[in-house]
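# A closer look at the structure
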Amino acid sequence: MKKTIAAALCFLQLLWWLPPGQAEAITQKPEPLRIPPHIQLLEDTPFYDNVETDYPNHPAGIISPQDVEVLEGQNGWVNERNRWKIRTWLGDKWIVTEPGTFDVPPPEQVTLLQETPIYGSPNAKEEPNAVLSPQEVQIVGAGKQWFQVKDGTEPVWLKISTSWLGDQWIHVPLGSVGYLRKTDRRTYLMYAEVYDSPPVRYLQAAQVGKLENRYAHVTGEYVTPFGKAYRVETDIGEKWISEPGMDIEAIHEYLTLPSEVALFDSFLDNAAQLGTVVPQTVTAVEKVGSDPNGIGVWYHVLTSQGDGWINRSLGEPEHSVPAVLDIRLHTQTSLYQYPNARMLKAYEPLAAQTVRTDAYWNDPDGSTWFRTQSYAGRAWFRIDPQFDRLTVPDGKPRLQVSFQTLSALPYVQSGETLTDYGSKPIGFVRSGVHYLSVSSVADALRYKLISPDPDGWVTLSPETRYAFKIKEGADTAVTLWNGRQQRTVKLQSAPELENGVLYLRSEDVRTLFGAVWTKDDAAPVFFLAAKAYTVEAPDWPAQAAAGSPLEIKAYALDQVRKGETLYPQLSLSRRTSAEAAGALPSNREDTGMRFAVASLYELSAAEPLIQGDNEFTAAVKIGERIVWQQEFEVTAK
């Protein structure tokens, strides 16, 4: 149980830092033997809408034993747990199988690579009827789960058809069950070792040479359940390699280029740039790679600037977003011809300065690039959002809010008891509701807990100017900033004192500590976390026109996971009472800009200005936790 919980704890913490989908398993389209096109389920099998999020606890249904069509699968199906995408009466679904729970038809043909005895029955003790020379044979049958052996060295029985003895049996290692498929394609090999026979797992192959940085003609592929090898023409005849190389496909297509791209002398990493191709329609005669959107494909093209190779990812983005921003760079910043790390400009980097942009673009990896007109001409650059600052030249003050660190309390539910991972009790469950020890939460989230005052109020404060007070039996809490009362907060439940320990309902913990809460679906493990932020305030305007609203804005760099409901909010209110009460939370919009695992949000809040002096309080809050607060005055004329 401890191992399961430990794994779940690590998984929850890893999820916080990894972008969604990063750990997804690789699946491939069906290919006989490698990924069987059909499998026969031998027992009731759960199926899932999304195997990444739903397996194993949330199946969409059960499929009974039957033959199913495979749309995608994983390598290793012979003797490992495997996931399959299958076609069902409810549409495409996912299943997960264990060895022994399914069967696979044998291949229709097998290519024998060496002399092979044939038998009248699947009995290795009897004398063989003949010995076949290397050749292709037709498979007409096999035993149930014919592939179910320890590994590829163990032999399996397959029934073959012969023209002179009728049906016979062969007894060959599973790793030797493969077929040769003829191909005719051109490829480029940067490096490949050359063998006298297919270099596939469980087969014996001797290296006879190597190929480096050259084109090759591929004439065949040898496929087994454990791998694939490629037959190529070499200076010493047809030999075998394990690398597929980069296929070069002869085509004749017309490509319309909507934006400028770079022109290269080849598609290799060390290719030299010949120039640029302006928007036009070009003729493509060869291509390397495949991509549904065509972005990752290299094309050999004939253009008005001459012939060469282009890749649409090495050019001006086709869907950049206009954005006039002023970005204050804190250090030297490299310039790129296009938003791709390969396209570094051969110029001195920009010094620390404020740069005006005219567009941004998010690359496929989720990083935002900015375009500027620099001393080197049009150029692209990336920023470090922790140190560089974005503003909009619209005259409206903007705060800069940045996520910095995470403090967390992982805990485990066992029956009605909540414990930390060291098995120390930190709370209890009543009617499905969690109650947590205030001192345990304070220790984990780095809050100082001050003993009750004469009236019984307990004060908790992080290493900031925020604090709050709670009291046993009181259904309200009080928030403070710089020691001054801010708000009276209605609680879901009054704090409870049991055996000298003060407990607070989990919803109130999240509100007062400004913490997010995550649960693992596979184990009774929970993750309470509070994020710390830095806030940089601008110079507020001292004067403004009466009758117009005062609008303040903030750029908030934050990590927000799916389902998270607490995040920084901006408010602006008048100082009309002892509390900074009545302030409406900000509008919050996703800017669309991405920086590693963080996103940039724009917050805004406004209040009308009246003639004379206007006293305001601006604040950034998460739940009731005040991250930053400032008072200022604007004279309206």
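What comes next is a walk through the structure. (Residues numbered from 1 in each chain as written. Predicted model: local features only at pLDDT ≥ 70, side-chain atom pairs only at ≥ 80, totals over all residues. Heavy atoms only, no water.)

## Brief notes about the nonpolar core
One finds Ile39, Trp84, Phe102, Trp146, Leu174 and Val177 to be the most contacted residues of the largest nonpolar core, which totals 35 residues. Taken together, the elements giving at least two residues each to this core come down to strand E1 (38-41), strand E4 (67-73), strand E5 (82-88), strand E10 (130-132), strand E11 (136-142), strand E12 (155-162) and strand E13 (166-173). Beyond its immediate chain neighbours, meaning those up to four positions away, Trp146 contacts Leu33, Asp103, Val104, Pro105, Pro106, Pro107, Val156, Trp157, Leu158, Leu174 and Val177. Core analysis: the next-biggest nonpolar cluster, separate from the first, contains 30 residues, Leu409, Tyr447, Phe468 and Phe513 among them. (Core = buried A, V, L, I, M, F, W, Y, C linked by side-chain atoms within 4.5 Å. Buried < 20%, exposed > 50% of the residue type's maximum accessible area, 1.4 Å probe, protein only. Helix = DSSP H or I, 4+ residues; strand = E, 2+ residues; numbered from the N terminus. Contact = heavy atoms within 4.5 Å.)

## Some thoughts on the pattern of salt bridges
What the rule picks out here adds up to 38 salt bridges. Measuring nitrogen to oxygen at the nearest pair gives 2.4 Å for the salt bridge that ties Asp326 to Arg356. On the criterion of sequence distance, the pair formed by Asp326 in strand E24 (residues 321-328) and Arg356 in strand E25 (residues 354-362) is long-range, its members being 30 residues apart. Of the residues examined, Asp326 reaches a relative accessible area of 16% and is grouped as buried. (Salt bridge = Lys/Arg side-chain N within 4 Å of Asp/Glu carboxyl O.)

## Some words on the sheet that holds E1
Strand order in the open sheet formed by 5 strands is E6-E5-E4-E1-E7, and the pairing between neighbours is antiparallel. In this open sheet, the two strands that pair with only one neighbour each are strand E6 (91-97) and strand E7 (102-103). Here 3 bridges tie E1 to E4, and the two strands are oriented antiparallel to one another. Bridge pairing in E4 links His38 to Glu69. (Pairing = 2+ DSSP bridges.)

## What to know about the side chain of Ser259
Considering the arrangement of structural elements, one finds Ser259 in the loop between strand E18 (246-257) and strand E19 (261-264). Under the relative-accessibility criterion, Ser259 is labelled buried at 12%. Of note is the side chain of Ser259, whose polar atom sits 2.7 Å from the backbone oxygen of Glu316. In this structure Ser259 touches Val277, Pro279, Glu316, Pro317 and Glu318, once residues within four positions along its chain are discounted. (Polar contact = N/O pair within 3.5 Å; in protein donor to acceptor, adjacent residues only side chain to side chain.)

## Regarding the sheet that holds strand E34 (residues 457-461)
Strands belonging to one sheet form pairs held by backbone hydrogen bonds; the direction of such a pair is parallel or antiparallel. Judged by pairing direction, the sheet is antiparallel, and its 5 strands sit side by side in the order E33-E34-E35-E36-E37 without closing on themselves. Every other strand in the sheet has two partners, leaving strand E33 (448-450) and strand E37 (484-490) as the edge strands with one partner each. In this sheet, adjacent strand axes meet at a mean angle of 25° when their direction is disregarded. The pairing of strand E36 (residues 476-481) with E37 spans 6 bridges and is classified as antiparallel. By the bridge assignment for E37, Leu480 is matched with Gln485. Each of E34, strand E35 (466-471) and E36 is contacted by helix H4 (residues 506-513), which is oriented at about 150° to E35, the strand it contacts most. (Axes fitted to C-alpha atoms, helices over the stretch in contact; angles between N-to-C directions.)

## Observations concerning the pairing of E5
Most of E5 is tucked away, with 5 of its 7 residues classed as buried. The pairing of E4 with E5 spans 3 bridges and is classified as antiparallel. By the bridge assignment for E5, Gly73 is matched with Trp84.

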